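Reading the structure
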Amino acid sequence: MRIRIVGAGAMGRGIAQWAASAGHTVELADVRPEAVREALGFVASMLDRAVAKGRMSAAAREASVARLVPLAGPWAAGPDVELVIEAVREDLETKAEVFGKLERALPASTVFATNTSSLSVTRIAATLQDPTRLAGLHFFNPVPLMRIVEVVPGAATRPEIPALLTALVEGCGHRAVTVADTPGFLVNHAGRGLVTEALALLEESVAEPAEIDRIARDVLGLRMGPFELMDLTGLDVTAAVIDSIWLGFRHEDRLRPSFLTPNRVAAGLHGRKTGRGWYAYGDGASGPAPESPVTGDGERPVFLVRGGRPETAAYEEELAGALEAAGVRVERGARPSAEAVVLVPVWGTAVSAAVADGLPRERTFGVEVLPAAGRRRVLAVTAAGDAAAARDARAVLARAAGGGEPYAVSVVRDTAGSVAQRLLSSVVAVGCSIAERSLAAPADIDLAVTTGLGYPAGPLAWGERVGAVRMLALQRALHATTGDPRHRPTRWVTERAALGLALTDPGTSPADCLG
């Protein structure tokens with residue numbers, strides 16, 4: 001295929017390398033001729049690196065470079081051009097101008113694709129004389145390494161074009177997911193679940209950014225915590241995406257922005273690129289400060305509350321066994337002794353609910369029930385908790401069996417559920433809301449999120465690991481305890497819990513029953 005790429009910036013040059021390496025002839029064009037020269041040099045250097053690392057042969061490198069064709073200008077005639085991929089700046093008027101000129105320069109058979117990440121594909125197409133020829137083709141940076149591409153049909157896109165683009169993407173070794181033309185498309189929309197809930201936890205003073213990030217990494221298994229991620233991406237960019245998706249979905253509560261971000265953006269606290277965001281960077285500082293050391297009396301006995309609920313029963317026994325193996329005295333009576341710290345395994349409810357049952361409020365604390373991806377436990381303290389007792393409980397939870405490596409123990413404020421549960425519930429809920437709106441197929445949602453965001457599982461598969469019934473119990477408890485509609489259970493989870501279906505199951509649709 002002969003492909004013209006308009007825009008020789010970071011995305012355009014990445015797309016050019018990807019397509020040329022896969023055997024396509026690539027015309028590279030930009031309104032700035034020097035940008036084309038720089039892009040060609042950059043692509044050649046990336047291919048040289050691939051050869052040096054043994055990922056490409058020297059002959060394949062030479063053939064790829066030979067398939068790169070610099071153009072004097074984007075609007076040159078091109079009777080053989082089958083596809084144009086536009087990768088200019090994210091501005092509707094600029095993109096409309098580019099496609100208007102291309103429409104006059106290229107044959108009617110040429111398919112147009114826009115690499116927009118946030119603009120409506122339908123609105124871009126509407127500026128053309130023939131809006132049926134345009135679709136979205138959203139790549140992620142760096143293109144050769146981020147092996148996922150969103151194919152986004154506009155409202156008027158010809159039905160054969162998404163299939164053509166999907167075949168192109170998969171023929172070049174990437175994975176394609178078809179996504180509805182809605183705010184944020186799929187990956188950016190799904191990614192709001194993590195960062196919006198992390199900001200909500202910070203708003204409520206449940207934990208500081210560093211503690212939330214540690215829990216996200218060591219309990220949920222994320223490669224990077226939400227605040228680390230915002231610093232890497234840039235808070236200015238993240239806040240704009242959050243706002244645009246929330247506005248686009250008409251103030252959907254699950255996607256609600258935080259009051260914390262506007263002032264931080266105005267102050268230039270954007271993250272790594274400005275030297276300071278949620279963390280400081282440069283001059284010897286890089287990222288969060290080290291954790292506080294574990295102090296307190298690790299020899300104190302523990303009374304572990306056993307509620308008999310299926311959501312926590314297995315964890316209660318597992319934690320009791322682990323503590324006993326570490327030499328902790330775990331009390332088995334009906335009531336705690338005067339010396340014991342009381343640990344309440346929490347699933348969806350707050351520690352204060354257990355305190356209401358007559359437990360000693362100054363030494364009763366919550367403990368996370370989600371199995372940790374790393375060696376971390378989480379302790380939740382209420383406003384009535386005694387600080388010395390909390391330090392002792394932290395020391396007890398840090399103990400490991402057989403002289404092994406001790407656990408890290410995060411201390412957070414008591415909240416409905418826990419930090420990890422709220423983050424997970426939000427990720428799953430946003431993914432399920434995408435599925436129930438039929439914005440993308442369940443398998444595509446999970447594929448796009450694991451590939452594009454690097455999560456250990458897609459939101460539907462992650463929720464299925466917990467189980468639809470248990471996930472529904474968590475969401476109902478969060479909603480009932482807080483009254484916040486952001487936590488309301490999704491229809492997708494509610495329905496599948498009732499019917500015994502997996503959260504990854506697309507189910508039967510009315511269309512399936514018509515013929």
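Throughout what follows, the structure given in this document is the object of discussion. (Residues numbered from 1 in each chain as written. Predicted model: local features only at pLDDT ≥ 70, side-chain atom pairs only at ≥ 80, totals over all residues. Heavy atoms only, no water.)

**Remarks on the overall build of the protein**
Across its full length, the protein carries 20 helices and 16 strands. Against the 2.2 N^0.38 benchmark of 24 Å for 515 residues, the protein shows a C-alpha radius of gyration of 26 Å, consistent with a compact globule. Taken along its principal axes, the extent of the C-alpha atoms in the protein is 85 × 60 × 45 Å. Intrachain contacts of the protein at a sequence separation of at least 6 include 69% that bridge at least 24 residues. Of the accessible surface of the protein, which amounts to about 21400 Å², a share of 53% is contributed by carbon and sulfur atoms. Counting 54 positive and 58 negative side-chain charges, the protein places the averaged centre of each group 2 Å from the other. (Helix = DSSP H or I, 4+ residues; strand = E, 2+ residues; numbered from the N terminus. Rg over C-alpha atoms; globule rule 2.2 N^0.38 Å. Contact = heavy atoms within 4.5 Å. Areas by Shrake-Rupley, 256 points an atom, 1.4 Å probe, with all protein chains shown as cover. Lys, Arg positive; Asp, Glu negative; His and termini not counted. Charge placed at Lys NZ, Arg CZ, Asp CG, Glu CD.)

**A look at the environment of Ile5**
Within the secondary structure, Ile5 sits in strand β1 (residues 2-6). The exposure class of Ile5 is buried, given its relative accessible area of 0%. Ile5 has contacts with Gly12, Ile15, Ala16, Val26, Glu27, Leu28, Ala29 and Ile85, leaving out every residue within four places of it along the chain. (Buried < 20%, exposed > 50% of the residue type's maximum accessible area, 1.4 Å probe, protein only.)

**Some words on the pattern of salt bridges**
Side chains bearing opposite charge may pair, as long as their charged atoms lie close to each other. Here the structure, examined in full by the defined rule, presents 30 salt bridges. The partner of Asp48 in a salt bridge is Arg61, with the nearest N and O atoms 2.7 Å apart. Note that Asp48 is positioned in helix α2 (residues 33-52) and Arg61 in helix α3 (residues 58-66), a separation of 13 residues in sequence. Classification of Asp48 by relative accessible area gives partly exposed; the value is 38%. The salt bridge partner of Asp218 is Arg376, with a shortest N-O separation of 2.8 Å. Here Asp218, found in helix α9 (residues 209-218), pairs with Arg376, found in strand β15 (residues 376-381); they are 158 residues apart in sequence, far enough to count as distant. Of the residues examined, Asp218 reaches a relative accessible area of 21% and is grouped as partly exposed. Through salt bridges that share partners, Glu211, Arg214, Asp218, Glu291 and Arg376 make up one connected network. (Salt bridge = Lys/Arg side-chain N within 4 Å of Asp/Glu carboxyl O.)

**Here we look at helix α20 (residues 491-499)**
Taken together, the buried positions of α20 are occupied by Trp492, Val493, Arg496 and Ala497. All buried residues of α20 lie within an arc of 120 degrees about the axis, which places them on one face of the element. What points out from α20, more than 90 degrees from its buried face, is the exposed set Ala498 and Leu499. Of the surrounding elements, those touching the buried residues of α20 are α16 (419-436), α17 (442-452), α18 (459-466) and α19 (468-482). (Arc of directions from axis to C-beta.)

Purely geometric stuff here, so don't read any function into it on its own.
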